[in-house]
Amino acid sequence: MVEFGVLGPLEVRDGGSVVPVGPPRIRAVCAILLVRPGHLVTVEQFVDELWPGRPPAGARALVRDYVSRLRRVLRSVRSGADRLVTRRPGYLLRVEDQELDLHRFERVVAQARTATRGGEADRGARLFRQAHQLWRGEPFADVPRTEAIGAAAGWLAEQRCSTLEERFDAALAAGRETEAVRELPAFVMANPLRERPAGQLMLALYRCGRRAEALDHYQRIHRALADELGVAPGTELRTLHLRILNGDPALRTPAAPRRAATATPLTPRQLPRDITTLVGRDTELTELTDRSGPLGAGRGHPRRSPVVVVHGAPGVGKSALAVRAAHRLAAGFPDGQLYVNLNGATAGVAPLPAAEALHRMLRALGVPPVEMPPGVEEAAALFRTTVADRRLLVLLDNAATAAQVGPLLPGGSGAAVLVTSRTRLVTLDGTTHRQVGPLRPDAASAMLDALVSGGRTAADPGAARALAALCGHLPLGLRVAAARLNARPSRPVRCLLARLSDERLRLAELAVGGFGLLGSFLVSYTALSGSDDSTDRLAARALCLFGLLPVAGIDSDLAARVLGIRGSDTDRVVERLLDANLLEETAPGRFAMPDLVRLFARELGRETVAPDEQQAVLTRVLDHGSPPPQPSGREAPARTPGGNG
């Protein structure tokens with residue numbers, strides 16, 4: 001039997017013997033096909049994956065050559081002749097479930113979960129161990145990292161960690177604490193900020209009569225969380241610490257598996273620390289927290305909408321606003337406040353899967369790990385059941401898509417949800433939407449005053465106002481600028497003002513240690529360019545082309561000329577950029593980019609649009625005003641960094 005392995009270095013095996021796949025590019029092509037086996041990968045997708053910078057002139061021919069060489073490798077193994085299928089406009093790799101180690105891993109994990117939920121904790125622990133024996137190291141370890149491979153490797157690594165945690169839960173439920181004490185320390189050391197394995201190790205040590213070591217480990221993770229993230233351990237870990245501190249005898253006996261309906265209810269208090277320097281958001285806060293507002297209704301007063309989406313451009317301060325509002329609302333939700341960062345705004349980090357977000361909330365509500373359903377629908381149903389009669393506030397921060405948020409919404413009338421997102425999430429039904437814009441100039445100056453040490457902004461208020469304007473009056477830009485000034489306390493505000501005045505340097509200056517507006521804008525662009533939706537990809541290309549325009553304003557006719565597509569198609573693309581808060585509507589049919597987005601789009605256009613196409617765009621701008629050309633009926637292909645246009 002032919003076997004494919006991705007849970008470690010890429011492997012193709014024929015009857016147990018490893019078949020050499022070839023050099024790095026061939027392994028990358030094979031890995032891209034194995035990320036979604038049985039699904040079509042277009043030639044354009046291969047080009048974008050293999051050459052994230054400017055692709056070579058013969059990129060498509062190279063892709064065809066790599067695929068041909070991989071096909072020769074597969075034809076050398078049994079039943080491999082028809083595996084790599086050409087299907088316009090690309091290729092797909094046929095792989096049966098039992099032939100891919102990932103699918104075998106998922107099947108055994110499902111069996112382990114079923115056994116554990118059914119009260120067979122010992123069998124569940126053994127099945128989890130059997131599943132993890134399929135791992136040979138870091139996923140795709142010897143394959144060049146493309147965007148898709150990197151995302152898949154990150155997801156697989158998280159699956160490995162979370163299922164290891166499930167394995168240790170099953171071992172503890174089965175009374176195998178000695179085994180857990182032997183194997184947990186290495187896992188905890190490799191994942192020092194994960195609270196769940198820290199709690200498992202504390203419990204295992206306590207059951208082995210090593211109470212002092214269990215308490216010492218709590219202090220270590222407490223310090224690590226404070227130093228790295230500025231937060232305290234969660235409710236579950238703090239409760240376990242107190243029970244160990246008090247010598248709770250119930251901890252010494254493994255508890256029999258309980259159904260979720262009999263889980264000990266907890267009152268989570270998970271809101272992040274409020275930021276004291278938040279200014280200029282009184283109107284938005286009043287709207288969100290007023291008693292008659294969508295989230296602020298008192299007991300006995302129904303809310304107009306139990307879900308509010310706060311959306312706005314990257315760096316506008318949505319999360320800080322939502323956290324402040326949630327703290328003000330907390331007293332009206334006595335059954336607790338849940339917080340989940342959905343990772344939709346973090347460069348290089350994949351959005352959090354809905355199933356994992358549900359598991360985190362269920363654990364915080366006291367549902368035992370052995371009762372966690374693996375599927376999204378089952379976990380969502382359990383979450384709705386658990387919170388049905390509770391007055392609970394849920395803060396879902398940095399949502400990527402409406403599909404990610406949908407399963408996380410409670411069903412009862414007592415719970416309320418506050419969502420932040422850089423997109424409008426227009427397909428999320430039954431919600432109130434609140435757009436957040438840049439700060440007013442006076443509020444932006446006040447924020448700089450609060451952030452910059454030494455009274456330097458007060459000493460030169462004119463320079464401070466100009467600096468705030470160059471930061472786009474965006475809180476993220478202001479924080480980065482303040483950090484730069486605080487790092488050089490002897491320099492006046494005008495020194496930084498002079499550097500930001502150069503448009504070529506501005507975005508680079510508004511970044512510190514990878515934290516800044518450039519990375520934030522890039523997340524929004526990547527979400528469009530990497531989407532499976534053709535309108536999203538065309539919107540990413542439009543952002544690059546609009547950035548090349550020598551004019552600040554864009555109307556619908558000019559947008560259609562620049563993109564070379566029909567007016568109706570242009571409207572969809574523009575709407576997508578408006579939803580992503582990368583474009584602003586200044587009047588019906590007229591649009592503009594915020595200054596900092598324009599600088600980002602200009603650099604993106606210069607890097608990703610071929611010189612001849614740049615010239616063609618400028619020619620179409622000069623021709624603006626004459627009757628628009630008739631469309632050919634074909635849309636120009638979307639182009640992303642590394643695309644071939």
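Provided above is the structure to which this section pertains.
This write-up is about the structure you can find in this document. (Residues numbered from 1 in each chain as written. Predicted model: local features only at pLDDT ≥ 70, side-chain atom pairs only at ≥ 80, totals over all residues. Heavy atoms only, no water.)

### Here's the deal with the overall build of the protein
Next up, step 1: Counting secondary structure elements, the protein contains 27 helices and 16 strands.
Next up, step 2: By the compact-globule yardstick of 26 Å for 645 residues, the protein fits well, its C-alpha radius of gyration being 27 Å.
Next up, step 3: By principal-axis analysis of the C-alpha atoms, the protein measures approximately 80 × 70 × 50 Å.
Next up, step 4: For the protein, the proportion of its 645 residues judged to be buried stands at 51%.
Next up, step 5: Partitioning the contacts of the protein with sequence separation of at least 6, the portion at a separation of at least 24 is 69%. (Helix = DSSP H or I, 4+ residues; strand = E, 2+ residues; numbered from the N terminus. Rg over C-alpha atoms; globule rule 2.2 N^0.38 Å. Buried < 20%, exposed > 50% of the residue type's maximum accessible area, 1.4 Å probe, protein only. Contact = heavy atoms within 4.5 Å.)

### A closer look at the nonpolar core
Next up, step 1: By size, the foremost hydrophobic cluster in this structure holds 84 residues, and its most contacted members are Leu467, Leu543, Phe546 and Leu577.
Next up, step 2: Ranked by residues supplied to this core, first place goes to helix H23 (residues 534-547) with eight residues.
Next up, step 3: Ignoring anything within four residues of it in the chain, the contact list for Phe546 reads Ile554, Ala559, Val562, Leu563, Leu577 and Met593.
Next up, step 4: Ranked by size, the runner-up nonpolar core spans 54 residues in total, among them Val109, Val143, Leu156 and Ala171. (Core = buried A, V, L, I, M, F, W, Y, C linked by side-chain atoms within 4.5 Å.)

### Focus: the pairing of strand E1 (residues 2-5)
Next up, step 1: Direction of pairing for E1 relative to strand E2 (residues 11-14): antiparallel, over a ladder of four bridges. Bridge pairing links Phe4 to Val12 in E2.
Next up, step 2: Between E1 and E2, which follow one another and run antiparallel, lie five residues, and Gly8 among them has a positive phi close to 145°. (Pairing = 2+ DSSP bridges.)

### Focus on the pairing of strand E10 (residues 416-421)
Next up, step 1: Counting buried positions along E10 yields six of six residues, so the element is predominantly enclosed.
Next up, step 2: Side-chain alternation along E10 places Ala416, Leu418 and Thr420 on one buried face and Val417, Val419 and Ser421 on a second face that is also buried.
Next up, step 3: Of the strand pairs in this sheet, strand E7 (residues 307-312) and E10 are connected by five bridges, and their pairing is parallel. Across the sheet, the residue bridging to Val309 is Val419, located in E10.
Next up, step 4: Taken together, the five bridges between strand E9 (residues 393-399) and E10 define a ladder with parallel strand orientation.

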